[in-house]
Amino acid sequence: KNNPCLFINDRPFPAIAAYVTPDHIDRFKEAGVNLFTTLFSVRWWVGPDMYDFNEFDLQVSEYADSIPNGFLMPRIDFAPAGYPWWGQANPSEMVVLRNNETGKIMDASESDPRGEEHLHHEIHLKELNLHSFHSVKWRADASRAVSALIQHTDSQPYADRIWGWHICDGWPQEWFHWGEYLLSGLEDYSPAAQLDFQSWLRKTYKGDEKNLQSAWGEAIHFEEITIPEPL
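On a predicted model such as this, the values are computed, not experimentally measured, just so you know.

Honestly, the overall build of the chain in this entry has me stumped. Any pointers?
Looking only at helices and strands, the chain features seven helices and 11 strands. For the chain, whose C-alpha radius of gyration is 22 Å, the value lies well above the compact-globule estimate of 17 Å for 231 residues. Within the chain, contacts between residues at least 6 apart in sequence are counted, and of these 70% link residues at least 24 apart. Of the roughly 13600 Å² that the chain leaves accessible, carbon and sulfur atoms contribute 52%.

Here it is in structure tokens:
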């Protein structure tokens, strides 16, 4: 019987990793854990195709030094990445939240007390880069940033201690939509989402407006379709 197995440098490892901050590493080392992961929240993406890895290198090096027989998977959170400069430079690529009852645009960074009551903890959306998940521009820019980070770390002394990467985005580092618990509003009504919706329709109806019009029962064109109102 074949069972899945994790290999690092051709050596098999139990696929068990400790998600632990530096203060609590020792107890897991004593238990024989060799794989570690933790969040590195330093903001190394500082501008358009501009990166400052100094603090990141320092934190990762210190962590790697504390696990001499172990390996590290850095957790990288893109929710705050690019704040605030990316949104200021790309306003049409930011998420748009509209009120369920009035249709008016709401502040997407505001939390909803009802959502917090459901979760039993606060929701922090301030100082996050609330980009649209439909944004092609965001995906391209963030992809280059990830590539730059990995290329940089591959040249560092700690490179052979990295066993993987955990890339996060959304709220709360779990790829949830920003407004997952904003119960009074609905997203996403951004221009980026509008373009993506039209692109999806073209793929769905094979780019043929006759197929679209037949399914929708009206003489409508792809570029005329908008995201349905929240009302």
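Can you walk me through the environment of arginine 75 in this structure?
Counting through the fold element by element, arginine 75 comes out in strand β7 (residues 71–77). What makes arginine 75 buried here is its relative accessible area of 12%. Along the sequence, arginine 75 and histidine 166 sit 91 residues apart, while their C-alpha atoms lie 4.6 Å from each other. Those residues in contact with arginine 75 that sit more than four places away from it in its chain are Tyr19, Thr37, Thr38, Leu39, Phe40, His166, Cys168 and Gln173.

What is the right way to look at the sheet that holds strand β9 (residues 105–106) in this model?
In sheet architecture, strand pairing relies on hydrogen bonds along the backbone and comes in two forms, parallel and antiparallel. Overall, antiparallel pairing links the three strands, which are arranged β9-β8-β11 in an open sheet. The sheet terminates laterally at β9 and β11 (185–187), the two strands that pair on one side only. Bridge count for strand β8 (residues 97–99) against β11 is three bridges, and the pairing is antiparallel. Counterpart to asparagine 99 in the pairing with β11 is glycine 185.

Before we go on, may I ask you to explain unusual backbone geometry in this structure?
Peptide bonds are trans in most cases, and residues, glycine excluded, mostly fall at negative phi. Omega for the peptide link from tyrosine 83 to proline 84 comes to -5 degrees, which places this bond in the cis form. With respect to the helices, strands and loops of the structure, proline 84 is situated in the loop between β7 and α3 (85–89). Omega for the peptide link from glutamate 187 to aspartate 188 comes to 20 degrees, which places this bond in the cis form. The topology assignment puts aspartate 188 in the loop between β11 and α6 (191–204). Phi is positive for aspartate 10, which is not a glycine, with a value near 70 degrees. Residue placement: aspartate 10 occurs in the loop between β1 (6–8) and β2 (11–13). Non-glycine residue lysine 206 carries a positive phi angle of around 55 degrees. You can see lysine 206 is positioned in the loop between α6 and α7 (209–216).

Honestly, the pairing of strand β4 (residues 35–39) in this entry has me stumped. Any pointers?
Consecutive side chains of a regular strand alternate in pointing toward one face of the sheet and then the other. Counting buried residues in β4 gives four out of five residues, a clear majority hidden from the surface. Of the pairings in the sheet, the one linking strand β3 (residues 17–19) to β4 comprises three bridges and is parallel in character. In the strand pairing of β4, tyrosine 19 is matched with threonine 37. Following the backbone out of β3, through helix α1 (residues 25–30) and into the adjacent parallel β4, one traces a crossover that is right-handed. Strand direction decides the pairing type here: β4 and β7, joined by five bridges, are parallel.

Conventions adopted
Residues numbered from 1 in each chain as written. Predicted model: local features only at pLDDT ≥ 70, side-chain atom pairs only at ≥ 80, totals over all residues. Heavy atoms only, no water. Helix = DSSP H or I, 4+ residues; strand = E, 2+ residues; numbered from the N terminus. Rg over C-alpha atoms; globule rule 2.2 N^0.38 Å. Contact = heavy atoms within 4.5 Å. Areas by Shrake-Rupley, 256 points an atom, 1.4 Å probe, with all protein chains shown as cover. Buried < 20%, exposed > 50% of the residue type's maximum accessible area, 1.4 Å probe, protein only. Pairing = 2+ DSSP bridges. Right-handed = clockwise from strand over helix to strand, strands pointing away.

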